Amino acid sequence: EYDASYTSNQDEWLISPSYDLSDGTDWYLDWWWNGSYYWSVDPYPNCTLTVYISPDGGSNWMYLWSQYDVGVFDNWVWYNQQIDLSAYLTFTDVKFALVYTGYDGAQFSVDAFGVNDAAPPVGRCCYGADFLTCDDLSQLDCDGLGGHWSLGLDCATSPCPTVPVN
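Residues numbered from 1 in each chain as written. Predicted model: local features only at pLDDT ≥ 70, side-chain atom pairs only at ≥ 80, totals over all residues. Heavy atoms only, no water.

Enquirer: Please explain the packing of aromatic side chains as it appears in this structure.
Expert: Each aromatic ring pair is characterised by the separation of its centres together with the angle its planes make. By the definition in use, this model includes 18 aromatic pairs. Aromatic pair Tyr37 and Phe73: ring centres 5.1 Å apart, planes at 85 degrees, arrangement edge-to-face. Here Phe73 lies in the loop between β4 (62-66) and β5 (79-84) and Tyr37 lies in helix α1 (residues 37-40), a separation of 36 residues in the sequence. The exposure classification of Tyr37 matches that of Phe73, with both residues buried. Summarising the aromatic geometry, the rings of Trp39 and Tyr44 are spaced 4.9 Å apart at their centres and angled 20 degrees between planes, so their arrangement reads as stacked. Using a relative accessible area of 35% as the deciding quantity, one classes Tyr44 as partly exposed. Ring pairing ties together the aromatic residues Tyr19, Trp31, Trp33, Tyr37, Trp65, Phe73, Tyr79, Phe96, Tyr100, Phe108 and Phe113, which thus form one cluster. (Phe/Tyr/Trp six-rings, centres within 6.5 Å; stacked < 30°, edge-to-face > 60°. Helix = DSSP H or I, 4+ residues; strand = E, 2+ residues; numbered from the N terminus. Buried < 20%, exposed > 50% of the residue type's maximum accessible area, 1.4 Å probe, protein only.)

Rendered as structure tokens:
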């Protein structure tokens, strides 16, 4: 949350319980987030939302993600974020940290943060002017672009249909 008092830099950590990722399952870190591009990236890079992973129960932390990895995003729009955890599948005491740092920045919100064993299905998403732009996305990401999503289709083998010239 934004701190109007400006008394100090904010450095706030929310640390998950421990997860055992060593059971042979393909695990994914999955969460929803939103925030202000204006107050966290451009023109005012005043705050950061960062996700870290600790493979040793919280003794050491490694960078996984921040809002800078997303590129341009809309203010206060919910985005679903996923990270493939295949590089950590031998660890038995894994923790995750959501870290907000900043000074005179806006808030970030996080929801439905968890570890699961399935990435959402990906399909063809046709969006943009005349729905001609094609990307292989989850349905939620496609809906966020105002596009049309088709499970079982992909842009490489089934590009978005074009309107015939009359």
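Enquirer: Even after reading the chapter, I still don't get a nonpolar patch on the surface, so can you show me in this structure?
Expert: Judged by side-chain polarity, Tyr38, Trp39 and Tyr44 come together as a nonpolar surface patch covering roughly 280 Å² of accessible area. Position of Trp39 among the secondary structure elements: in helix α1. (Patch = residues over 30% accessible without salt bridge, like charges linked within 9 Å, V, L, I, M, F, W, Y side chains within 5 Å. Areas by Shrake-Rupley, 256 points an atom, 1.4 Å probe, with all protein chains shown as cover. Salt bridge = Lys/Arg side-chain N within 4 Å of Asp/Glu carboxyl O.)

Enquirer: What exactly am I supposed to notice about the layout of surface pockets here?
Expert: Gaps left between atoms show up when a probe the size of a water molecule is rolled over them. Its boundaries defined by the atoms lining it, the largest pocket holds a volume of some 420 Å³. Considering the residues around the largest pocket, the lining is formed by 18 residues, among which Val70, Tyr79, Asn80, Asp141 and Leu145 are closest to the centre. Going through the elements one at a time, β2 (28-35), β5 and α2 (139-144) are the ones with two or more residues in the lining of the largest pocket. Examining the composition of the lining of the largest pocket, we find that 4 residues originate from one element, β5, more than from any other. Tallied by class, residues from the lining of the largest pocket come to 11 nonpolar, 4 polar and 3 charged. (1 Å grid on protein atoms, 1.4 Å probe; cavity = no way out; pocket = protein on both sides within 12 Å on 5 of 7 lines; lining within 4 Å. Points joined across faces, edges and corners; volume = space filled by probe spheres on them. Nonpolar A, V, L, I, M, F, W, Y, C, P; charged D, E, K, R; others polar.)

Enquirer: Any chance you could explain the nonpolar core here in plain terms?
Expert: Judged by nonpolar contacts, the single largest core of 23 residues is most densely connected at Leu29, Leu64, Trp65, Leu85 and Phe96. Of all the secondary structure elements, the ones that give two or more residues to this core are β2, β3 (47-54), β4, β6 (95-102) and β7 (108-116). Ranked by residue count, the leading element in this core is β3, at 4 residues. Not counting residues within four places of it along the chain, the set of residues in contact with Trp65 comprises Trp31, Trp33, Leu49, Thr50, Val51, Val70, Gln81 and Ile83. (Core = buried A, V, L, I, M, F, W, Y, C linked by side-chain atoms within 4.5 Å. Contact = heavy atoms within 4.5 Å.)

Enquirer: It is not clear to me how the side chain of Ser40 should be interpreted in this structure. Could you clarify?
Expert: If you trace the backbone, Ser40 turns up in helix α1. Excluding anything up to four places from it in sequence, Ser40 contacts Pro45, Asn46, Cys47, Gln67, Tyr68, Phe73 and Phe108.

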